[in-house]
Amino acid sequence: MLHCYTQLVSLFTNREVTILEVSFKKLWKMLIDKDMKKKDLQASAGISWASVTKLSKNENVSMEVLMKVCQAMNCDIGDIMELIPTEDDPKQK
């Protein structure tokens, strides 16, 4: 049993983990291009103000919120967000 545990620890110790952060800068640029405000996004997407606040702070939101935003903006998810490696990512060093 100890041998299996040692192998698992070794496996996870040697495994590289990429740490990513979400950025919604693309969404805010799209709003500017369409001459929309955050309150317009909230109304057209049918999302709560709390969700808009989370988006503003680059915090995690549900897939349902992202789908509503994409539908309201008539775009794909990659058009409103991107994943960015953090400075703590060992692959970036």
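Residues numbered from 1 in each chain as written. Predicted model: local features only at pLDDT ≥ 70, side-chain atom pairs only at ≥ 80, totals over all residues. Heavy atoms only, no water.

## A look at the nonpolar core
In this structure, Phe24, Leu27, Leu41, Leu55, Val69, Met73 and Ile80 are the most contacted members of the largest nonpolar core, which totals 20 residues. Looking at this core, the elements with two or more residues in it are helix H2 (25–33), helix H3 (38–45), helix H4 (49–56) and helix H5 (63–73). In terms of residue count, H5 provides more of this core than any other element does, five residues in total. Leaving out residues up to four positions away in the same chain, phenylalanine 24 has contacts with Leu55, Asn58, Glu59, Val61, Leu66, Ile80 and Met81. (Core = buried A, V, L, I, M, F, W, Y, C linked by side-chain atoms within 4.5 Å. Buried < 20%, exposed > 50% of the residue type's maximum accessible area, 1.4 Å probe, protein only. Helix = DSSP H or I, 4+ residues; strand = E, 2+ residues; numbered from the N terminus. Contact = heavy atoms within 4.5 Å.)

## Section: the confidence of the model for the protein chain
For the protein chain, the average pLDDT comes to 85, and 75% of its residues sit at 70 or higher. Contacts from residues 1–8, a stretch scored under 50 in pLDDT, to residues over four places away or in other chains number zero contacts. (pLDDT = per-residue confidence, 0-100.)

## Observations regarding the packing of aromatic side chains
The geometry of an aromatic ring pair is captured by the separation of the ring centres together with the interplanar angle, meaning the angle of the planes. Going through the model one piece at a time under the given rule, you end up with zero aromatic pairs. It is lysine 38 that lies over the ring of tryptophan 28; its NZ or CZ is 4.9 Å from the centre. (Phe/Tyr/Trp six-rings, centres within 6.5 Å; stacked < 30°, edge-to-face > 60°. Lys NZ or Arg CZ within 6 Å of the ring centre and 35° of its normal.)

## Looking at H4
Where H4 is concerned, the buried positions are Ser51, Val52 and Leu55. All buried residues of H4 fall inside an arc of 100 degrees around its axis, so they share one side. Among the structural elements, H2, H3 and H5 are those in contact with the buried residues of H4. (Arc of directions from axis to C-beta.)

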